Amino acid sequence: MTKYSLGTSLLQARNLQPHSLEAAMGWHYIWLTTICIWLLSLLPWRNWPVTPDILLVVIAFWSFHQPRRMGMVAAFCFGLTLDVHDAGPLGLQALLYALVVYGTQLLHRRLARFDLLRQAMHLIPLFVGAKFVTVLVGAFLMSAWPGWTWLPGILLTVACWPLVGWLLLLPQHRMDDAGTGIS
């Protein structure tokens, strides 16, 4: 009898409710936002050198917050679709997306300690390094160095992290406000 009451008290002591982010962000919301941004990425303005890669930010954000629902396979597949769409060397965008997702999941514990702005500061070396690797691979495949025109675009991509993160976390903030009675 004491064993049963001890087990019951342990279950009551633990918070068995899902995390508010997990409850607010179902797989429908994650995939809907990712696919909508992917469709926007198919527009021709994405090929300008200074344009930020918002799809990369969204995929990295979801792989950080929901690693079980957005992983390297999904990032690689989205990258392949962009490679096919751009008619460039097959696998460069896919490699970039997979490297960023891997690095984001590797830095998960560190990034969880900071707010969105400080997370962006920690992600600068990851995004620049991953893009540099893909630029080197692309330069090897095409036998031409593209220069440093890609650097402002990737820095602008990292600068979009706080805004995109804030927008993607809006449903969580609404649920938190509804629970406290704040409108």
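Here's what I pulled together on the structure shown here. In this text the structure is predicted, and so the values were computed from the model without any measurement. Each chain carries its own residue numbering, running from 1 in the written order of its sequence. Totals for whole chains, interfaces and linings use all residues, but because this is a predicted model, local features are given only for residues with pLDDT of at least 70 and pairs of side-chain atoms are given and counted only at 80 or more. Heavy atoms from the whole structure form the basis of all side-chain values; hydrogens and water molecules are not counted.

A look at helix α8 (residues 116-142)
- Compared with an ideal rise of 1.5 Å per residue, which puts 27 residues at 39 Å, α8 spans 37 Å between its outermost C-alpha atoms and is within 8% of the ideal.
- Among the residues making up α8, those that are buried are Leu116, Gln119, Ala120, Leu123, Leu126, Phe127, Ala130, Lys131, Thr134, Val135, Gly138 and Ala139.
- At its buried positions, α8 is contacted by α4 (54-65), α6 (92-106), α7 (108-111), α9 (150-159) and α10 (161-168). Elements are defined by DSSP. Helices are runs of H or I of four residues or more, strands are runs of E of two residues or more, and each kind is numbered from the N terminus. Expected helix span is taken as 1.5 Å per residue step, with the number of steps being one fewer than the number of residues. Relative accessibility decides the category of a residue: with a 1.4 Å probe and only protein chains considered, values under 20% of the type maximum give buried, values over 50% give exposed, and everything between is partly exposed. Should any heavy atoms of two residues lie within 4.5 Å, those residues are considered in contact.

Re the layout of surface pockets
- The distinction between a cavity and a pocket rests on a 1 Å grid over the protein atoms alone: a 1.4 Å probe fits inside a cavity but cannot get out, while a pocket stays open yet meets protein on both sides within 12 Å along at least five of seven lines, and a residue with an atom within 4 Å of a point counts as lining. Grid points are joined across faces, edges and corners, and a volume is the space filled by probe spheres set on the points. Computed from the structure, the largest pocket encloses a volume of approximately 780 Å³.
- Around the largest pocket, the lining is made up of 30 residues, and of these Asn47, Asp86, Gln93, Lys131 and Trp150 lie nearest the centre.
- Secondary structure elements with two or more residues in the lining of the largest pocket: α5 (72-86), α6, α8 and α9.
- Looking at the lining of the largest pocket, the element that brings in the most residues is α8, giving six residues.
- Taken together, the residues of the lining of the largest pocket sort by class into 16 nonpolar, nine polar and five charged. Just so you know the grouping, Ala, Val, Leu, Ile, Met, Phe, Trp, Tyr, Cys and Pro go in nonpolar, Asp, Glu, Lys and Arg go in charged, and all remaining residues, Gly too, go in polar.

Some points on the packing of α5 against α6
- Taken N-terminus to C-terminus, the directions of α5 and α6 make an angle of 155°; their axes are 7 Å apart at the nearest point. Classified by the interaxial angle, the pair formed by α5 and α6 is roughly antiparallel. Along this stretch, α5 crosses α6, giving a crossing that reads as right-handed. Along the contact surface, α5 presents Met72, Ala75, Phe76, Phe78, Gly79, Leu80, Leu82 and Asp83, while α6 presents Leu92, Gln93, Ala94, Leu95, Tyr97, Ala98, Val101 and Tyr102. As a rule, the C-alpha atoms of each element are fitted with a line to give its axis, helices using only the stretch in contact, and angles between N-to-C directions run from 0 to 180 degrees. Geometric relationships in this document are graded by angle, where less than 35 degrees denotes roughly parallel, more than 145 denotes roughly antiparallel, 65 to 115 denotes roughly perpendicular, and other angles denote oblique. Two helices cross in a left-handed way if the nearer one is turned anticlockwise from the farther one by less than a right angle. They cross in a right-handed way if the turn is clockwise.

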